[in-house]
Number of protein chains: 2
Amino acid sequence: MRLTAENYDIGIAEPTALLHEDDCRIIGIREGDHVRIEGRGCVTAIASMSDTLVRRGTVMIACGVLGASCIHPGDEVEVTAAPIPESVRAIRGKMDGEELSPEEISQIVDDAVHDRLSRIETSAWLTALHIRGMSMCETASYTSAMASTGSVLDFGDRRVFDFHSFGGVPGNKITPIVVSIVASEGLLIPKLSSRAISSACGTADFVEVFCPVTHGSDDVRRIAESEGGVFSWTGATDLAPAGDRFIRVQRPLGIDPKPQMLASIMAKKVAAGATDVLMDIPMGSETKVRSPEEAKAYARDLMELGDLLGMRVECAVTYADQPLGVAVGPAPEARECIQVLENRPGHEEVAEKACICAGMILEMAGMCDGTVRARECLTSGRALERFRAIVRAQGGMDGITSEDVRLGRFSADVVSPRDGFVNRISNRAVVSVAKAAGAPADKGAGLVLSRKRGRKVAKGDVLMTVYSDSEDKLEDALEAAAELEPFDIDGMLLDRIRPGSLR
Amino acid sequence: MRLTAENYDIGIAEPTALLHEDDCRIIGIREGDHVRIEGRGCVTAIASMSDTLVRRGTVMIACGVLGASCIHPGDEVEVTAAPIPESVRAIRGKMDGEELSPEEISQIVDDAVHDRLSRIETSAWLTALHIRGMSMCETASYTSAMASTGSVLDFGDRRVFDFHSFGGVPGNKITPIVVSIVASEGLLIPKLSSRAISSACGTADFVEVFCPVTHGSDDVRRIAESEGGVFSWTGATDLAPAGDRFIRVQRPLGIDPKPQMLASIMAKKVAAGATDVLMDIPMGSETKVRSPEEAKAYARDLMELGDLLGMRVECAVTYADQPLGVAVGPAPEARECIQVLENRPGHEEVAEKACICAGMILEMAGMCDGTVRARECLTSGRALERFRAIVRAQGGMDGITSEDVRLGRFSADVVSPRDGFVNRISNRAVVSVAKAAGAPADKGAGLVLSRKRGRKVAKGDVLMTVYSDSEDKLEDALEAAAELEPFDIDGMLLDRIRPGSLR
C-alpha cells in the first residue's frame, strides 16, 4: 500500500511505524507485525496501530528508523507486510529446547543490535534463555557474535591482561589499584568498567570523581599503549554494544540468564583484545554467589568459555560478607581508593584484596610471588605514580591526592543504640542508605563506616557517617538507616531462653 | 522527585511515562522500570527515557495512562520508583516451573487487562507458558480470571448453549445456520464470533455483509432472549477482554501456548453464560489439528476444563482437508450461508456439517435423533425463518435472500491447465488468493470454487472464480493463484518410473 511517510518523535528503543487501523487491515497486518517500508531506501519496522493519532494514508516512522533509512518525511512510500525475521524462528527454536547454530545466534545478535527486534521478541529470547539455557558451545558463539557487533581493540601480538569483578559487594574500589600495580610492572591492562546498575556506585561512577571516563575506543587504546593501563567507562566505547540491548529488557523482568551473563562479560573482554583475564567472584550471603559450590560452578563455566574463545581465565573467589573497606558512594570510594595508593593506614582490607588480585595477574604473566611483588609495588609508591600518570592521560588533574576529593557538603553520624559487638553489616542496607543519600548520581553522596564486623562498640559510638549534597537526601538516608539498620549490634548473649519462653 | 506532567500522544498499548535521562538517574530508575506518579490521583507507568524528546523536570505521560488518572497536563506530580508488580514475581515463578496459585494467576490477568504489564513482561509470561505449560487446575483458574475481567451475560437459570469452531478450514460458514436451527428448536444460543486473525474471513466478517455485528453485551442478551439466538461479534462486547491483550503479544512471536488458547476460548464461553458447549475441531493436513490423536488430546483437555468450570463440553472432529463448501471471503460466504438456509442445491457439504453440529447440540439438550431433527428444521424453512428474525433483530434488512448479497465488481475465472482429477485443494493457497483479492477488509472479495476434490476436469474447465472490488487486487489474486496453484490436478498416472529415471 502506498502511504506518505512522516516523522514520529518517540523515545522508545523500538523501531516503530505507526499506522491507521484501517490501513493496517488493508495491508493485512496487526499490532506487532514487521512491515517493510520502501521509498528512496528500504527499512523494516514494527507496526503499531491507532485510529486517532495517525491519519489514513500516512505512516509515522520513529526517528531512529527514519534516520537509518534514506526516506524523508513527506515521501510517498510502499508499506507491505514483512516476513517474520529469521531470528524469530531461531528464538522459537530455543523456546522448544533446540541447540542453535552459530549462524542463528549471530542473526539474533545482529538483529538486536540493529534494532530489528521488538521488545516482545527480545523478551521472549531472554525468557527462553533463562528457562532453556545454552550449551557452552552456544554460549561461545553468542559471546563471539556479541563481541563482533562493535569495534575491537587491536594490540597486535602483545598479551593483553584484563580483570572483572562480579558485582554484589559495596565499596569494591580496587580496580584502579589493580590496574596501576599491573601496569607499573610493564604489563598491558586496558580495563573498562561499568556504572552502577542497581548498586550505589560502579567503578566508572567513582573514577569519574577524579578524572574523565568517557573515552572512545581509539583513546582507550592510545592511553593503554602509552601508560600500560586505563580505567575508563565501557559505555563510551563501542565495544560489544549488543549486551546493553539485552540488559535493558531483562532488567525489568529481574532475570539474568546465565548464558546471557557469561556472554555479556566475556564479549567485552574479547572486544578489548584480552588474552588473559582474572575474574573476581565475591561470595557472601547477600551477593549473587552465596556458596563455594556456586563459586566453583561459575569459575568452571568461565574457564571453559575462555578455552573455547582462546583466552586464559583464572578466578579469585573473594570474601564479600560485608562492604569492602570503609567507603561507599562515588566521592567516598574515590577518596579511599587514592588513600590505599598513598599507603594510608585504616584501609588494609582494600589493599589486601587489590594486591591479591594484581598478584594473580602478575603470576598469569609468568612472574613469581605475585602478591608480594604487588605489595611491594604499592608500598614503594610505584603504583601511585602509575595511577597518577593514567589519571593525567585520561584528562584528570596532575599529581592528584586523596585530599583533592571532596565529600558531600552535608553529613551526619549514625551511632550505636547499645553496647555490644558488630555482628553483621548488611550490604543491601548499606547500599540503600547510600542511594537514599543520592549515590550514584550525586558524586558527594555516600557513607564512611567507622566500625566493621566483629568490632566492640559502646552505646553512642559512631557506626558510620553519611554524606550528601542535599539536606533533604541526608534526611532520607538517615531515615533509611533507622529503618533498615545496616548494623546488627549484639552482646555476647544473643537470646535468653527459659521454660515457657519458647512458643 | 517533583516533575510537571504532560500529555504524551502515543499509540502503543503500553502505559508509558517518558522521562529525561538525567531525571531518571536522580530518581534511580531505568528504561522499563515501573514508576509511581502521584498528583491529584495516583497511577503507575513504565519508564521510557530520552535525552532529547523530553525536557528535564517534565514527565510525559501516555494519554491512556493520563486518562485513567485524575492528573491533568501541567500538574506538578511526584515521580518515584514503583516496586516490581506482584505479577512479575509470579511470571518468574512460572519461568522456574512453579505451579501458580489462583491468586497469582488472577493478579497477572488483572494487571494485563488494566495495562499494568509492559509488553516485555507480557511476552515473558507467554513464553514461559509456551515452554512450561499449565496444569489443568491452573488453566481453569486462568479461564475464570479471564472471564471475570469483563461483563458476564446472565440468563438466570436457563440452560445456555454455545458453539465454537477451531480455525483452520476456509469457507466454514456454518455458525449462523447452526444458531438458526438450534434457536428454532426453542433453545438459547447467544453465539459470539471473531473476525479473521490470519484467515481470509472470520464469522463476524461475513455476517457483517448482511447485518450489523457490533452489539454491546446488553444488546446481545436482549436479542438472544427475544429470538433464542444471536450471531454477533465478540469484539464489540466486553466479554473476557483479557484474551485480546495476550493475543496482541503472542501473534508476533508465532506462538499459541496451549493453556492460553484453551483459556481464551473457554473464558468467552464462561462470560457468555454457557452451560453446554459444542466444540468443532476441524482436522486436516493444513489445520492446527492434523491427526485423530491430536484431536482426541484437544477434546480431552476441553472436556476436563469444562468439568472444572462446571460446563458440559462435547466435541465434533470434522473433515477439513479442503475448504468447506464453495465460497471463501466475506460476501461469497455470506451468500452461500443464506443459500444453504434457502435449501438451494450445490451446498450439500455445508448443510451436512451444519446439521450434524446443530444435531449434537439438540441431543445435548436431551432431544432424540438430533441430526434428523436439524435437517428437518432446515428443509422445512423453519431455520431460514429464525435466521431472518435474528438478522432483523440485529438491525439487518427484512426478509433477506441470497440474491441480496453482492459479490465484488470485478471477477475472473481460473481454469485447469490440463485434463485430470482434482487431487487436492490447498486450504492455505485458497486463503492466500482470497486475501490477495482483498478479503477480509473488502467485503466483495473472495472466490467461488467450481470443482472440489475428486472431480474430473478437462483442460480449460473453470476451477474457480475470483472476485474483487478492485482491478489491481484481482490481478494480484490471479498472480497468487498462478504461483501457489491451489488446485493439484493430475491424471490417474501420477508418475512414470523407468530404469534410470530415479536419481
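What counts, and at which threshold
- The residue count restarts for each chain, going from 1 along the sequence in the order it is written.
- Numbering of ligands from 1 and lettering of chains from A proceed in the order in which they are written.
- Restriction of local features to residues with pLDDT of at least 70 applies here, the model being predicted, together with a cutoff of 80 or more for giving and counting side-chain atom pairs; totals for whole chains, interfaces and linings are based on all residues.
- Residues are treated as contacting if the C-beta atoms built from their backbones sit within 7 Å of each other.
- In this description a helix means any DSSP run of H or I spanning at least four residues, a strand means any run of E spanning at least two, and both kinds are numbered starting from the N terminus.
- Any residue that is not Ala, Val, Leu, Ile, Met, Phe, Trp, Tyr, Cys, Pro, Asp, Glu, Lys or Arg is counted as polar, Gly included; the first ten are nonpolar and the last four charged.
- Each domain's extent was defined by an automatic or database domain assignment.
- Nonpolar cores are built from buried Ala, Val, Leu, Ile, Met, Phe, Trp, Tyr and Cys residues. These are joined into a set through C-beta atoms within 7 Å.
- Any residue surrounded by 20 or more other C-beta atoms within 10 Å of its C-beta is treated as buried, while 12 or fewer makes it exposed and the intermediate range makes it partly exposed; C-beta atoms here are placed from the backbone.
- One number per residue, pLDDT, summarises how confident the predictor is, and it ranges from 0 to 100.
- A pair of strands counts as paired when DSSP detects no fewer than two bridges linking them.
- Axis definition: a line fit to C-alpha positions, over the contact stretch in the case of helices; interaxial angles, taken between N-to-C directions, run 0 to 180 degrees.
- Note on terminology: angles under 35 degrees are roughly parallel, angles over 145 are roughly antiparallel, angles of 65 to 115 are roughly perpendicular, and the others are oblique.
- Left-handed is the label given to a crossing in which the near helix is rotated counterclockwise from the far helix by less than a right angle, and right-handed is the label when the rotation is clockwise.
- Place the viewer so that the strands point away; then a crossover is right-handed whenever the path from the first strand over the helix to the second strand goes clockwise.
- In superposing the copies, a least-squares fit is computed on C-alpha atoms, taking residues whose pLDDT is at least 70 in both.
- Take the residue count of a helix, subtract one, and multiply by 1.5 Å to get its expected span.

### Remarks on the interface of chain A and chain B
Piece 1. On the side of chain B, 41 residues touch chain A, which itself brings 41 residues to the contact.
Piece 2. Within the residue set of the side of chain A that touches chain B, elements represented by two or more residues are α1 (21-27), β4 (42-50), α3 (86-95), α5 (119-132) and α10 (242-253) of chain A.
Piece 3. Class assignment of the residues belonging to the side of chain A that touches chain B gives a composition of 20 nonpolar, 10 polar and 11 charged.

### Let's talk about the domain arrangement of chain A
Residues and elements named next belong to chain A.
Piece 1. What the domain assignment lists for chain A is domain 1 (2-81), domain 2 (86-133), domain 3 (161-240 + 257-402) and domain 4 (410-490).
Piece 2. Put simply, the middle of domain 2 and the middle of domain 3, counted by C-alpha atoms, are 32 Å apart.
Piece 3. Each side of the interface is counted separately: domain 2 has four residues, and domain 3 has four residues.
Piece 4. Here the residues of the side of domain 2 that touches domain 3 sort into two nonpolar, two polar and no charged.

### A look at the nonpolar core
Piece 1. Counting residues in each nonpolar core, the largest one holds 282 residues, and the members touching the most others are Val 182, Ala 437 and Leu 447 of chain A together with Val 182, Ala 437 and Leu 447 of chain B.
Piece 2. With near-sequence residues (within four places) excluded, Ala 437 of chain B lies in contact with Gly 329, Ala 445, Gly 446, Leu 447, Val 466, Tyr 467, Ser 468, Lys 473, Leu 474 and Ala 477 of chain B.

### Notes on the confidence of the model for chain A
Piece 1. Model confidence for chain A is summarised by a mean pLDDT of 91, while 96% of its residues fall at 70 or above.
Piece 2. ipTM for the predicted complex: 0.81, alongside a pTM of 0.85.

### As for the sheet that holds strand β14 (residues 420-425) of chain B
The pairing of strands in a sheet happens through backbone hydrogen bonds and is either parallel or antiparallel.
Residues and elements named next belong to chain B.
Piece 1. Ordered by their spatial adjacency, three strands build an open sheet running β16-β14-β18, and the pairing between neighbours is antiparallel. The sheet terminates laterally at β16 (456-457) and β18 (487-490), the two strands that pair on one side only.
Piece 2. Sheet topology places β14 next to β16; two bridges connect them, and they run antiparallel. Looking at the pairing, Gly 420 lines up with Val 457 of β16.

### Overview of the packing of α3 of chain A against α5 of chain A
Residues and elements named next belong to chain A.
Piece 1. It is at 9 Å that the axes of α3 and α5 come closest, and there the two elements cross at 25 degrees. For the element pair α3 / α5, the angle class is roughly parallel. Relative to α5, α3 is oriented so that their crossing is left-handed. Here Val 88, Ile 91, Lys 94 and Met 95 of α3 come into contact with α5, specifically with Glu 121, Ala 124, Trp 125, Ala 128, Leu 129 and Arg 132.

### Some points on the pairing of strand β10 (residues 276-283) of chain A
Residues and elements named next belong to chain A.
Piece 1. Most of β10 is tucked away: eight of the eight residues are buried.
Piece 2. Two strands pair when backbone bridges link them, and strand β7 (residues 161-165) and β10 are joined in this way by five bridges, in the parallel orientation. Along β10, the bridge assignment pairs Asp 162 with Val 277.
Piece 3. Pairing of β10 with strand β11 (residues 312-319) involves eight bridges; the strand directions are parallel. Along β11, the bridge assignment pairs Pro 282 with Thr 318.
Piece 4. Taken together, β10, helix α12 (residues 292-308) and β11 constitute a β-α-β crossover, and its handedness is right-handed.

### With respect to the environment of Leu 302 of chain B
All names here are of chain B.
Piece 1. Considering the arrangement of structural elements, one finds Leu 302 in helix α12 (residues 292-309).
Piece 2. Residue classification places Leu 302 among the buried positions, given that 22 C-beta atoms sit within 10 Å.
Piece 3. Linking Leu 302 and Met 136, residues 166 residues apart in sequence, is a C-alpha distance of 9.7 Å.
Piece 4. Excluding residues that lie within four positions of it along the chain, Leu 302 makes contacts with Leu 262, Met 279, Val 313 and Cys 315.

### Side note on the relation of the copies chain A and chain B
In this structure, two copies of a chain are linked by a rotation about an axis accompanied by a shift along it.
Piece 1. Structural alignment of chain A on chain B gives an RMSD of 0.1 Å, achieved by rotating through 180 degrees and translating 0.0 Å along the axis. What the rotation and shift describe, once combined, is the action of a two-fold rotation axis.
Piece 2. A share of 100% of interface residues in chain A that are also interface residues in chain B marks the association as one of identical surfaces.

### Focus: the sheet that holds strand β13 (residues 410-415) of chain A
Residue and element names in this part refer to chain A.
Piece 1. A sheet is described by the order of its strands in space; here four strands give the open sequence β12-β15-β17-β13, paired in antiparallel fashion. The sheet terminates laterally at β12 (327-328) and β13, the two strands that pair on one side only.
Piece 2. Direction of pairing for strand β15 (residues 446-449) relative to strand β17 (residues 462-468): antiparallel, over a ladder of four bridges. By the bridge assignment, Val 448 is partnered in β17 with Thr 465.

### Structural notes on helix α16 (residues 382-393) of chain A
Residue and element names in this part refer to chain A.
Piece 1. Relative to the 16 Å expected for 12 residues at 1.5 Å per residue, α16 spans 17 Å between its end C-alpha atoms, a close match to the ideal helical length.
Piece 2. Close packing links the buried residues of α16 with α7 (175-184), α8 (203-210), α9 (217-227), β9 (229-233), α13 (330-341) and α15 (370-379).
Piece 3. Remark: Gly 395 follows α16 within two positions and exhibits a positive phi of approximately 100 degrees.

### A short note on unusual backbone geometry
All names here are of chain A.
Piece 1. With an omega of 0 degrees, the peptide bond between Ala 439 and Pro 440 qualifies as cis.
Piece 2. Following the sequence through the fold, Pro 440 ends up in the loop between α17 (427-436) and β15.
Piece 3. The backbone phi angle of Ala 240 is positive, close to 45 degrees, even though this residue is not glycine.
Piece 4. Mapped onto the elements, Ala 240 comes out in the loop between β9 and α10.
Piece 5. Its identity is not glycine, yet Asp 369 carries a phi of approximately 45 degrees, on the positive side.

### Overview of the environment of Arg 30 of chain A
Piece 1. Along the chain, Arg 30 of chain A turns up in the loop between α1 and β3 (34-38).
Piece 2. Along the chain, Arg 30 of chain A and Val 209 of chain A lie 179 residues apart, while their C-alpha atoms are 49 Å from each other.
Piece 3. Ignoring anything within four residues of it in the chain, the contact list for Arg 30 of chain A reads Cys 24 of chain A together with Arg 251 of chain B.

### A closer look at the packing of helix α17 (residues 427-436) of chain B against helix α18 (residues 471-484) of chain B
All names here are of chain B.
Piece 1. With their axes 7 Å apart at the nearest point, α17 and α18 run at an angle of 160 degrees to one another. In terms of axis orientation, α17 runs roughly antiparallel to α18. Here α17 and α18 pass one another in a crossing that is right-handed. On the side of α17, the interface is formed by Ala 429, Ser 432, Val 433 and Ala 436, while α18 contributes Lys 473, Asp 476, Ala 477, Ala 480, Ala 481 and Leu 484.

### Comments concerning helix α11 (residues 258-271) of chain A
In an α-helix, one full turn covers 3.6 residues, which means residues spaced three or four apart are oriented alike.
Piece 1. Helix length check: α11 of chain A, at 14 residues, gives a terminal C-alpha distance of 20 Å against a target of 20 Å (1.5 Å per residue), a fit within 8%.
Piece 2. Along α11 of chain A, 12 of the 14 residues are buried, which leaves the element largely enclosed by surrounding structure.

### Quick word on the environment of Asp 22 of chain A
Piece 1. Examined against the element boundaries, Asp 22 of chain A turns out to sit in helix α1.
Piece 2. Sequence-wise, Asp 22 of chain A and Glu 86 of chain A are 64 residues apart; in three dimensions their C-alpha atoms are separated by 28 Å.

### Overview of the pairing of strand β7 (residues 161-165) of chain B
Looking along a regular strand, one sees the side chains alternate between the two faces of the sheet.
Piece 1. Counting buried positions over the five residues of β7 of chain B gives five, a clear majority of the element.
Piece 2. What you see with β7 of chain B is no split at all: Phe 161, Phe 163 and Ser 165 of chain B on one side and Asp 162 and His 164 of chain B on the other are buried throughout.

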